[in-house]
Amino acid sequence: MIKKEQANHKPENKIILLLIPPLLNFLNWEKISPHYHSLADIVTDRKGKLIKWQKNPKTDLISLAKSLDGTPFNKKVSEILRSPAKRIIFINYPLTKESWEVLEEKIQPLKLKSVCVCVCVFVSLSESLALSFAELQKEMMICPVCKRSYKKKETIQEKAFRCPVDEITLPQEEMEKLTDHYLNEYFNQVKSLIEAYRGKKNKIIPMELKMREDLEPTILQNYLIEKIHQI
Ligand SMILES: [Zn+2]
């Protein structure tokens, strides 16, 4: 099995961890490339845990969501890592030091060259961009299963949010709080996460958004793809 892993993977191949504010995670990654992997592909059953919570909520949604962020990787991750793709891209995961260490162990036998993991992160927000960001925050909701963001007007009905991908329904009021929580958490945690990712073989690549237009889906998508292809 180990021999097969090495045979499929060339040393110059890259594993890219793309960190973006979850509010901007509205792109259809699967359509962009089969080598982008979001939560649903790489961790164990988040949806099942939410359905259980729905039936018998013992905590608030934020507390549950926090525990879900340490969810372990599923078996598919090793399969994905063995793929001969030039770039394998994980979006907004791992989100804790512990899960990062687990992934690092899985990456090690692949014997990639000097730059084996690239972390892309938005590090700064200008004042006008922060305003547009706040406007966007009012319009969107972040699903706790897939952690993608969706327009409220397309996903809210009778005070409940329904994720078009996961088909899970959650109360709007709790979802509003959760969306705020995810954003605060992202900006609070991003620096310590970068420190955790930093290592001898890892390269940190900062990305910067400058203008309101940069939040437009097509512009944002092209920017991300362009940056990733330069890696
Ligand atoms: Zn979802």
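The rules we used
Residues numbered from 1 in each chain as written. Predicted model: local features only at pLDDT ≥ 70, side-chain atom pairs only at ≥ 80, totals over all residues. Helix = DSSP H or I, 4+ residues; strand = E, 2+ residues; numbered from the N terminus. Rg over C-alpha atoms; globule rule 2.2 N^0.38 Å. Buried ≥ 20, exposed ≤ 12 C-beta atoms within 10 Å, placed from the backbone. Contact = placed C-beta atoms within 7 Å. Pairing = 2+ DSSP bridges. Axes fitted to C-alpha atoms, helices over the stretch in contact; angles between N-to-C directions. Parallel < 35°, antiparallel > 145°, perpendicular 65-115°, else oblique. Left-handed = near helix turned anticlockwise from the far one by under 90°. Nonpolar A, V, L, I, M, F, W, Y, C, P; charged D, E, K, R; others polar. Expected span 1.5 Å × (residues − 1).

Thoughts on the overall build of the protein
Moving on, step 1. When helices and strands are tallied, the protein shows eleven helices and ten strands.
Moving on, step 2. Taken over the C-alpha trace, the protein has a radius of gyration of 18 Å; the compact-globule value for 231 residues is 17 Å, and the two agree within 12%.
Moving on, step 3. The principal-axis extent of the C-alpha atoms belonging to the protein is close to 55 × 40 × 30 Å.
Moving on, step 4. Within the protein, buried positions represent 28% of all 231 residues.
Moving on, step 5. Counting contacts in the protein only where the partners sit at least 6 residues apart, residues at least 24 apart contribute 77% of the total.

Description of the environment of Ser-192
Moving on, step 1. For Ser-192, the position within the fold is in helix 10 (residues 172-197).
Moving on, step 2. With 10 C-beta atoms packed within 10 Å, Ser-192 lands in the exposed category.
Moving on, step 3. Separated by 29 residues in sequence, Ser-192 and Cys-163 have C-alpha atoms that sit 30 Å apart.

Regarding the pairing of strand 1 (residues 14-18)
Along any regular strand, the residues point their side chains to alternate faces of the sheet.
Moving on, step 1. By the criterion of burial, strand 1 is predominantly enclosed, with four of the five residues buried.
Moving on, step 2. Strand direction decides the pairing type here: strand 1 and strand 3 (residues 87-91), joined by five bridges, are parallel. Looking at strand 3, one finds that Leu-17 is bridged to Phe-90.

Focus on the sheet that holds strand 9 (residues 169-171)
Moving on, step 1. Ordered in space as 7-8-9, the three strands form an open sheet in which the pairing is antiparallel. The sheet is open, and its two borders are formed by strand 7 (156-157) and strand 9, each paired with just one other strand.
Moving on, step 2. Note that strand 8 (residues 160-162) and strand 9 share three bridges and pair antiparallel. Across the sheet, residue Phe-161 finds its bridge partner in strand 9, namely Leu-170.
Moving on, step 3. The strands that helix 10 touches are strand 7, strand 8 and strand 9; relative to strand 9, the one it contacts most, it runs at about 85 degrees.

A word on the packing of helix 5 (residues 61-68) against helix 10
Moving on, step 1. Taken N-terminus to C-terminus, the directions of helix 5 and helix 10 make an angle of 45 degrees; their axes are 9 Å apart at the nearest point. By the angle class used here, helix 5 and helix 10 are oblique. When the axes of helix 5 and helix 10 are compared, the crossing they make is right-handed. Across from Leu-61, Ile-62 and Ala-65 in helix 5, the residues of helix 10 making contact are Glu-174, Lys-177, Leu-178 and His-181.
Moving on, step 2. Partitioned by chemical class, the residues of the contact of helix 5 with helix 10 number four nonpolar, one polar and two charged.

Section: unusual backbone geometry
Moving on, step 1. Here the residue pair Tyr-93 and Pro-94 is connected by a cis peptide bond, since its omega of 5 degrees sits within 30 degrees of zero.
Moving on, step 2. Mapped onto the elements of the fold, Pro-94 is located in the loop between strand 3 and helix 7 (97-107).
Moving on, step 3. Although it is not a glycine, Lys-159 sits at a positive phi angle of roughly 60 degrees.
Moving on, step 4. The residue Lys-159 is located in the loop between strand 7 and strand 8 in this model.
Moving on, step 5. A tally of 9 C-beta atoms within 10 Å means that Lys-159 is categorised as exposed.

Quick notes on the environment of Lys-76
Moving on, step 1. The residue Lys-76 is located in helix 6 (residues 76-82) in this model.
Moving on, step 2. We classify Lys-76 as partly exposed; it has 14 C-beta atoms within 10 Å.
Moving on, step 3. For the pair Lys-76 and Lys-14, spaced 62 residues apart in sequence, the C-alpha to C-alpha distance is 18 Å.
Moving on, step 4. Residue contacts for Lys-76: discarding those within four places in its chain leaves Asp-41 and Ile-42.

A short note on helix 8 (residues 127-139)
Moving on, step 1. Over its 13 residues, helix 8 runs 19 Å from end to end, which matches the ideal 18 Å to within 8%, given 1.5 Å per residue.
Moving on, step 2. Of all 13 residues that make up helix 8, zero are buried, and the element is exposed over most of its length.

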